[in-house]
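A structural walkthrough
This is what each chain is made of:
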Amino acid sequence: MGRKIFHSILPFVAVIILCALALQFFGMMEVRLGPLDLEFRMRWSSQGETRLVLPPVGEVKASTHRLPVTFSLRLNRIDHDLLQAEIERSDQPTDYLENLVPGLRRVFIMFLVHLLLLGMLTGVLTGMIFWGWKEYRRWALSLLVGLVFTASVLGGVALGFDQSAFDNPRYEGMLEGAPWLLDLLDKGLAQLDILGRKMEVVAGNLNRLFSQVDQLDSLAADGALKVIHVSDIHNNPAAFDFLTRVSEGFGADLIIDT
């Protein structure tokens, strides 16, 4: 009795195992989205992750779900000429990039359908191997098992998917410096208004200083050598303008830059 039950469930266990292997080795799809050549891939892994792969600069990873499955989106190539042409035809470059998002969703749905069809095909082929070419009902049953298994995996990922995980992603490769750079940009933008006000004050003070220099009389006695000593001007045009006014105001004979 036990042996009979074992032989009856063995094909369905085989369907599940072969479906898992098929998803591992064939769960990928390459697609063209405008000027972008993209590759979607599903792999079994030790933890649930979603990855954005940008060769050769690195990867962005986030622990978005619990099932031990990794979904990755890889940017294989950018057609720069086509991208430039499409951006030039667009009224706003930002609008063009936003319009890519719906297309990205569509191709991702196509990838999920591809995975479901892969599970169904694996189920049919497994049924043929175990039951022969004429057992159509058992083919349909093994197809259903493959479909249910694949849909369960995808559904489990979807139900536990946490999009907010990308608020604190992990970076690999040259992108490891991205958090520091983004933080620097964020702080820089926050201080931009303060910096602008301080530059206005500096510019006003320089203008008043130049006006006062223009009114200076020579401080040295006639016939004395008048020398201006400056340092660290680093080829700054403002420094040359300032020195010209100072030297004329004091009647300098010599400027020494160290």
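The structure displayed is predicted, hence computed values, not measured ones.

Reading guide: rules and limits
- Residues numbered from 1 in each chain as written.
- Predicted model: local features only at pLDDT ≥ 70, side-chain atom pairs only at ≥ 80, totals over all residues.
- Heavy atoms only, no water.
- Helix = DSSP H or I, 4+ residues; strand = E, 2+ residues; numbered from the N terminus.
- Buried < 20%, exposed > 50% of the residue type's maximum accessible area, 1.4 Å probe, protein only.
- Contact = heavy atoms within 4.5 Å.
- pLDDT = per-residue confidence, 0-100.
- Expected span 1.5 Å × (residues − 1).
- Pairing = 2+ DSSP bridges.
- Axes fitted to C-alpha atoms, helices over the stretch in contact; angles between N-to-C directions.
- Core = buried A, V, L, I, M, F, W, Y, C linked by side-chain atoms within 4.5 Å.
- Salt bridge = Lys/Arg side-chain N within 4 Å of Asp/Glu carboxyl O.
- Polar contact = N/O pair within 3.5 Å; in protein donor to acceptor, adjacent residues only side chain to side chain.
- Patch = residues over 30% accessible without salt bridge, like charges linked within 9 Å, V, L, I, M, F, W, Y side chains within 5 Å.
- Areas by Shrake-Rupley, 256 points an atom, 1.4 Å probe, with all protein chains shown as cover.

Things to note about the side chain of Ser72
- Of note, Ser72 is situated in strand β5 (residues 69-78).
- Given the relative accessible area of 16%, Ser72 is considered buried.
- Discounting chain neighbours no more than four positions away, the residues touching Ser72 are Glu39, Phe40, Arg41, Arg51 and Val53.

Overview of the confidence of the model for the protein
- Model confidence for the protein is summarised by a mean pLDDT of 81, while 75% of its residues fall at 70 or above.
- Summarising per-element confidence for the protein, the mean pLDDT is lowest in helix α5 (residues 178-190) (59) and highest in strand β2 (residues 36-44) (94).

Overview of helix α4 (residues 136-159)
- For α4, spanning 24 residues, the distance from its first C-alpha to its last is 34 Å, which sits close to the expected 34 Å at 1.5 Å a residue.
- All of the buried residues in α4 are Trp139, Ser142, Gly146, Phe149, Thr150, Val153, Leu154 and Val157.

Regarding the sheet that holds strand β4 (residues 58-62)
- Strand order in this open sheet of 6 strands is β1-β2-β5-β3-β4-β6, and the pairing throughout is mixed. For this open sheet the edge positions go to β1 (28-33) and β6 (170-173), each flanked by a neighbour on one side alone. Averaged over neighbouring strand pairs, the angle between their axes works out to 20° when direction is ignored.
- Pairing geometry for β1 and β2, over 6 bridges, is antiparallel. If you follow Val31 over to β2, its bridge partner there is Leu38.

Some points on the nonpolar core
- If you look at the biggest cluster of nonpolar residues, it comprises 25 residues, and the most contacted ones within it are Phe40, Met42, Phe71, Phe111 and Leu115.
- The set of elements that each furnish at least two residues to this core consists of α1 (2-26), β1, β2, β5, α3 (93-131) and α4.
- Sort the elements by how many residues they give to this core and α3 lands first, with 6 residues.
- Residues in contact with Met42, not counting those within four places in the same chain, are Leu23, Gln24, Gly27, Val69, Thr70, Phe71, Phe111, Leu115, Val153 and Leu154.
- Core analysis: the second largest hydrophobic core is formed by 6 residues, Ile228, Ile233, Leu243 and Val246 among them.

Overview of the pattern of salt bridges
- A full pass over the atoms with the stated rule returns 9 salt bridges.
- Here Arg32 makes a salt bridge to Asp37, at a shortest N to O gap of 3.1 Å.
- Take Arg32: its relative accessible area is 42%, and that puts it in the partly exposed class.
- Note that Glu59 and Lys61 form a salt bridge whose closest N and O atoms lie 4.0 Å from each other. Lys61 carries the same exposure label as Glu59, and that label is buried.
- The network of salt bridges with common partners includes Arg32, Asp37, Arg77 and Asp79.

Some details on the pairing of strand β3 (residues 49-54)
- In terms of strand pairing, β3 meets β5 through 5 bridges, oriented parallel. Bridge assignment links Thr50 to a residue of β5, and that residue is Phe71.
- Looking at chain direction, β3 and β4 are connected through 5 bridges and run antiparallel. Within β4, the position partnered with Val53 by the bridge is Glu59.
- With antiparallel pairing between neighbouring strands as the criterion, β3 and β4 make up a hairpin whose turn holds 3 residues.

Thoughts on the side chain of Ser142
- Looking at the secondary structure, you find Ser142 in helix α4.
- Residue Ser142 is classed as buried on the basis of its relative accessible area, which comes to 0%.
- A polar contact of 2.8 Å, which involves the side chain of Ser142, links it to the backbone oxygen of Gly123.
- Here Trp139 takes part through its backbone oxygen, which lies 2.8 Å from a polar atom of the side chain of Ser142.

Description of the environment of Val153
- Assignment of secondary structure puts Val153 in helix α4.
- Non-local contacts of Val153, meaning those with residues more than four positions away in its chain, are made with Met42, Trp44, Leu67 and Val69.

Considerations on a nonpolar patch on the surface
- Together, Ile9, Val13, Ile17, Leu18, Leu21, Phe25 and Phe26 give the surface a local cluster of nonpolar side chains, amounting to about 670 Å² of exposed area.
- When you line up the elements, Ile9 lands in helix α1.
- Given the relative accessible area of 43%, Ile9 is considered partly exposed.

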